[in-house]
Amino acid sequence: MIVFRYSLYFSCFLLFFSPLYLQADTTDIVKRGFGLAEQQYALLYKNHNDLTKYPRSADPSGKTTFTDIRDWTGGFWPGCLWYVFEYTGDDKWRDAALKWTNSLRQNQFNTNHHDIGFVMNCSYGNAYRLTGDTAFKSILIQSAKSLLTRFNPKVGAIKSWNMFPSWDGKHRYEFPVIIDNMMNLELLFLASKLSGDSIYRHVAIQHAETTLKHQYRSDFSSYHVINYDPQTGAVLSKETAQGFSDNSAWARGQAWGLYGFIVMYRETKDPKYLEAVKKMADFYINHPRLPMDKIPQWDFDVNQPGFVPQWDYHKADFTTIPRDASAAAVTAAALLELIDYVGRDQQKAYLAVAEMILKSLGSERYSSAVGENGLFVLKHSVGSIPHKGEIDVPLVYADYYYLEALMRWNKRVIKSEQRLMDEWKVMNSKKAKALTDFQQQKFGMFIHWGLYAIPAGIWNGKRIEELGNPSVAEWIQLVAKIPRATYANLANEFDPKSFDADQIVKMAKEAGMKYLVVTSKHHDGFAMYNSEVNNFNVQQATPFKRDVIQELYEACLRHQLDFGLYYSHNIDWRDGSDGQYAVSKAQNELIGKKTDAFGANRWDPSANSFAAYINEKAIPQVREILGRFKQLKYIWFDMPGLMTAEQSFRFYKTVYDYNPNIIVSERIGNEMGDYAIPGDNRIPATTESFTKPWEAIGTFNHSWGYKSYDNDWKNVDELRYWLLEIVSKGGNYMLNIGPDAQGKVAEQVKENLSILGKWLQVNGEAIYGSKPWTIQHDGPTAVQITDTEQREREGFRANFTASDFWFTQKKDAVYAIALVSPEDGVARLSVLSLNKTKVKSVEVLGFGKVDFEQDQHGLRLQLPSGSIQHKMGYALKIKFV
């Protein structure tokens with residue numbers, strides 16, 4: 001058996017796609033290709049369990065043929081499985097890919113051929129890219145070390161085969177270098193990034209320089225084999241092993257070189273490589289003998305004058321010249337990276353060819369029927385006709401690069417960040433009325449409640465502050481690093497018999513709140529409603545056996561409060577793996593970027609992938625709550641962390657497709673929220689501006705979830721200050737409560753909300769439906785609220801005076817709100833001087849119109865006696881001439 005030692009290096013490890021609009025129905029192209037791959041590979045994986053035999057091709061009867069670990073193609077089968085996992089997010093493919101990848105571990109020490117890049121990077125390179133498992137780093141580095149053993153500094157290249165006999169039998173060369181070897185250089189660049197050692201990069205560049213100098217002709221077609229003198233580096237001959245003739249353009253060889261030099265430009269940004277690859281690409285796509293379907297003949301020069309094969313060739317053996325789908329697949333993958341580096345005219349040309357290749361390969365002519373073709377995806381590839389092996393058959397590496405090309409196409413056309421944002425803007429623009437209605441509400445209730453109310457900020461006798469940060473009670477599982485199984489046992493204790501949804505909603509209503517948002521699932525992954533998607537929920541996992549969200553929803557409908565749900569879409573310490581931290585870290589390390597681990601479960605992550613969590617829990621639960629709570633107004637996603645634009649967009653579109661009037665908080669991530677959140681317990685400065693409606697959120701004490709020892713409740717004056725400071729700047733204020741494990745709300749909270757509600761009954765006209773006036777605040781008192789820690793550390797220190805006013809406006813009136821009444825009963829507003837504006841009338845809310853005086857010093861008026869005696873200030877309704 002002839003072992004073909006030629007190689008192809010796996011896809012760009014980390015490629016960011018620039019936006020370019022295409023016209024094709026790419027959804028069909030990609031879905032069809034991966035749909036077939038799933039069906040074929042499911043059968044192949046089921047039928048073949050011998051981890052020492054790697055699928056490579058099929059015999060004439062259509063039966064799968066295999067090779068062993070020594071062959072150059074072993075890494076393509078696990079690589080195909082990795083691409084199917086990347087596309088589907090289904091962990092069964094990840095697990096299959098891991099099993100086959102790990103079967104190749106010993107190959108990291110293989111120094112017998114140059115194709116270690118194919119074998120290890122298609123398998124372990126993809127494994128590291130898609131799992132972030134740091135155990136794979138050392139394997140990849142060792143693989144690169146093994147490859148370096150074949151580098152000869154005198155030649156300036158990596159030796160391909162151990163020897164090469166010429167077809168005429170007269171020569172036996174000791175240092176052959178084939179064009180395929182360009183595909184192994186990506187492993188070397190990766191090794192330098194992973195190890196910090198530049199030696200690998202240096203060797204890759206030397207090899208590329210030697211190849212560009214000797215292996216390419218003036219038209220930028222390539223020779224297949226260059227034979228060097230290992231002692232002097234001199235070129236001894238230029239021949240072919242798998243092409244038609246020594247001077248012909250073997251189709252897959254052209255694809256190998258194109259792909260390899262694109263990698264060189266990506267990694268070095270040396271313009272000479274870009275100029276070279278453009279000429280290589282142009283040679284290929286403009287070739288007069290490239291068929292209309294863009295699937296090349298196995299060699300561009302078969303049977304052409306001036307091209308004479310040295311091997312045993314008989315034209316009569318071939319009724320037609322075989323095509324090579326593998327060459328087309330490699331070319332498509334290469335072109336779909338090259339378009340990022342060229343001008344628009346060339347982009348269009350290269351994209352047109354890539355599109356035609358993918359459409360052709362996806363057609364019945366080149367794609368297999370299910371259950372046939374050795375259970376591979378593509379038909380009609382060529383291994384080596386001169387060696388009379390693998391002619392017009394499926395080849396595993398054809399499948400690999402076809403799937404890679406489909407992934408690149410999919411990311412570019414459907415998933416480009418610019419295109420996502422453009423589509424998001426269209427959806428967002430349809431929510432104008434819903435957002436206007438939201439802005440009128442001004443005051444809402446936030447509720448954080450879940451299993452974390454049981455430990456209430458204490459774990460194993462230690463307060464959360466002693467254990468770490470953040471010190472908010474609902475983060476106790478992360479801060480105390482509580483194993484998932486241990487935390488889940490809290491569900492057995494959750495039986496809040498004092499919970500009364502009606503009482504809570506009535507409390508919010510009487511406090512003057514217009515909407516309510518409650519945690520349907522927080523970061524602990526526990527759902528506070530009866531979820532059919534996942535049984536870790538309040539009705540199925542606790543003795544309480546009641547649906548908290550359903551009860552609150554129905555109470556809001558009865559009492560006419562708008563209803564919203566908080567859903568932790570990114571962080572899920574039970575089922576969300578590590579929040580894709582390892583994968584993100586692996587990719588970021590390659591570009592020298594730090595990865596923020598905040599919120600990730602790194603102490604006991606679930607075994608599933610983050611992609612599977614999104615597909616199997618998060619998205620289904622979001623659909624579930626959309627379908628169940630049909631009058632939902634708001635969805636409050638939180639903590640996007642490392643979510644990609646594509647992931648954020650998927651959540652947004654899921655909501656939009658169900659109900660385009662539901663508005664989404666900005667913490668969906670990647671600037672795809674409908675309204676902004678300035679921060680936790682933060683009031684934005686007057687100088688800050690927002691391009692979207694915004695909502696400030698704040699706690700009643702210093703924790704969102706119930707903390708048993710935190711009784712530093714905001715008093716009524718502080719609550720009024722928050723409300724006035726936020727509303728006068730144009731925002732909404734959502735104030736949080738955290739019921740205890742019995743469902744009770746602290747008495748001080750209830751009392752303060754009741755007082756605030758009575759104040760709003762009198763002064764609410766100045767709040768609801770208002771917008772900022774030209775002046776936000778006038779007076780000597782300034783308080784800066786920056787975050788939870790600052791408020792907890794410094795407390796709330798403010799001595800409001802009778803000269804402090806906050807302003808809002810609505811229709812034809814301006815409102816001036818004071819927290820303190822003047823001792824002499826005379827209100828003075830210096831900002832309303834006669835030389836600035838002329839007042840027509842003044843009304844004290846709750847007391848009626850009053851007389852006033854206005855001159856160059858401002859506006860003065862005698863307050864009614866009732867308002868003077870009122871300890872909570874007053875509000876003026878002012879109209880101008």
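Not measured: the values here are computed from a predicted model. Counting restarts for each chain: residues are numbered from 1 in the order of the written sequence. Reporting of local features is limited, given that this is a predicted model, to residues whose pLDDT is at least 70; pairs of side-chain atoms are given and counted only at 80 or more, and all residues count toward the totals for whole chains, interfaces and linings. To obtain the side-chain values, all non-hydrogen atoms of the structure were included, while hydrogens and water were left out.

Student: Explain empty space enclosed by the protein here, please?
Tutor: Empty pockets left among the atoms are what a rolling probe the size of a water molecule brings to light. Only protein atoms enter the 1 Å grid, on which a cavity is a set of points fitting a 1.4 Å probe that cannot get out and a pocket is an open set with protein on both sides within 12 Å along at least 5 of 7 lines, lining residues being those with an atom within 4 Å of a point. Grid points are joined across faces, edges and corners, and a volume is the space filled by probe spheres set on the points. Per the stated rule, a full pass over the model turns up two cavities of 30 Å³ or more. Of the pockets and cavities examined, the largest cavity occupies roughly 40 Å³. Around the largest cavity, the lining residues are Tyr-216, Phe-220, Ser-222, Gly-253, Gln-254, Leu-258, Met-280 and Phe-283. In this description a helix means any DSSP run of H or I spanning at least four residues, a strand means any run of E spanning at least two, and both kinds are numbered starting from the N terminus. Those elements that provide at least two residues to the lining of the largest cavity are α8 (251-268) and α9 (271-285). Of all the elements, α8 adds the most residues to the lining of the largest cavity, at three residues. Its residues placed into classes, the lining of the largest cavity shows five nonpolar, three polar and no charged. Nonpolar residues are Ala, Val, Leu, Ile, Met, Phe, Trp, Tyr, Cys and Pro. Charged residues are Asp, Glu, Lys and Arg, and all others, Gly as well, are polar.

Student: Hey, could you run me through the sheet that holds strand β20 (residues 732-737) in this one?
Tutor: Through backbone hydrogen bonds, the strands of a sheet pair up, either in parallel or in antiparallel fashion. DSSP-based pairing: two strands are paired if at least 2 bridges between them are found. Within the open sheet, the seven strands sit side by side as β18-β17-β16-β15-β12-β20-β19. Their pairing is parallel. On the outer flanks of this sheet lie β18 (663-664) and β19 (695-699), each paired with one strand and no other. Where strand β12 (residues 443-447) meets β20, five bridges bridge the pair, whose relative direction is parallel. Opposite Gly-444, over in β20, you have Met-734 as the bridge partner. Taken strand by strand, helix α21 (residues 610-628) contacts β15 (515-521), β16 (562-567) and β17 (632-637), and its axis lies near 170 degrees from that of β16. Only heavy atoms matter for contacts: two residues are in contact if any of them lie within 4.5 Å across the pair. Note on method: axes are straight lines fitted to C-alpha atoms, helices fitted across the in-contact stretch only, with angles between N-to-C directions ranging 0 to 180 degrees.

Student: Hey, could you run me through helix α22 (residues 645-658) in this one?
Tutor: Along an α-helix, residues three or four positions apart point the same way, because every turn accommodates 3.6 residues. Expected span of a helix: the number of residues minus one, times 1.5 Å. For α22, which comprises 14 residues, the first-to-last C-alpha distance of 20 Å matches the rise-based estimate of 20 Å (1.5 Å per residue) to within 8%. Among the structural elements, α13 (417-429), α21, β17 and β18 are those in contact with the buried residues of α22.

Student: Is there a simple way to think about unusual backbone geometry in this case?
Tutor: Leaving glycine out, the prevailing phi sign among residues is negative, and the prevailing peptide bond configuration is trans. With an omega of -5 degrees, the peptide bond running from Asn-469 to Pro-470 counts as cis. Even without being glycine, Ala-456 reaches a positive phi, approximately 55 degrees. Mapped onto the secondary structure, Ala-456 falls in the loop between β12 and β13 (458-459). Each residue's exposure class comes from its accessible area (1.4 Å probe, protein chains only) as a fraction of the maximum for that residue type: buried when under 20%, exposed when over 50%, partly exposed otherwise. Exposure remark for Ala-456: the relative accessible area of 5% places this residue in the buried category.

Student: For this particular structure, what's the right way to read the sheet that holds strand β8 (residues 225-228)?
Tutor: Strand order in the open sheet made by the three strands is β7-β8-β9, with antiparallel pairing throughout. Each end of this open sheet is capped by a strand with a single partner; those strands are β7 (176-178) and β9 (235-239). Taking each pair of neighbouring strands and ignoring which way they run, the sheet shows an average axis angle of 20 degrees. Relative to β9, β8 runs antiparallel, the two being bridged by four bridges. Bridging from a neighbouring strand, Tyr-228 pairs with Val-235 of β9. Sheet strands in contact with helix α7 (residues 199-214) are β7, β8 and β9, and its direction is about 110 degrees off that of β8.

Student: Where do I start with the pairing of strand β23 (residues 813-818) in this structure?
Tutor: Consecutive residues of a regular strand have side chains that alternate between opposite faces of the sheet. With six of six residues buried, β23 is to be regarded as a mostly interior element. Here β23 shows two buried faces, one formed by Ala-813, Tyr-815 and Ile-817 and the other by Val-814, Ala-816 and Ala-818. Pairing geometry for β23 and strand β29 (residues 874-880), over six bridges, is antiparallel. The residue of β29 that forms the bridge with Tyr-815 is Lys-877.

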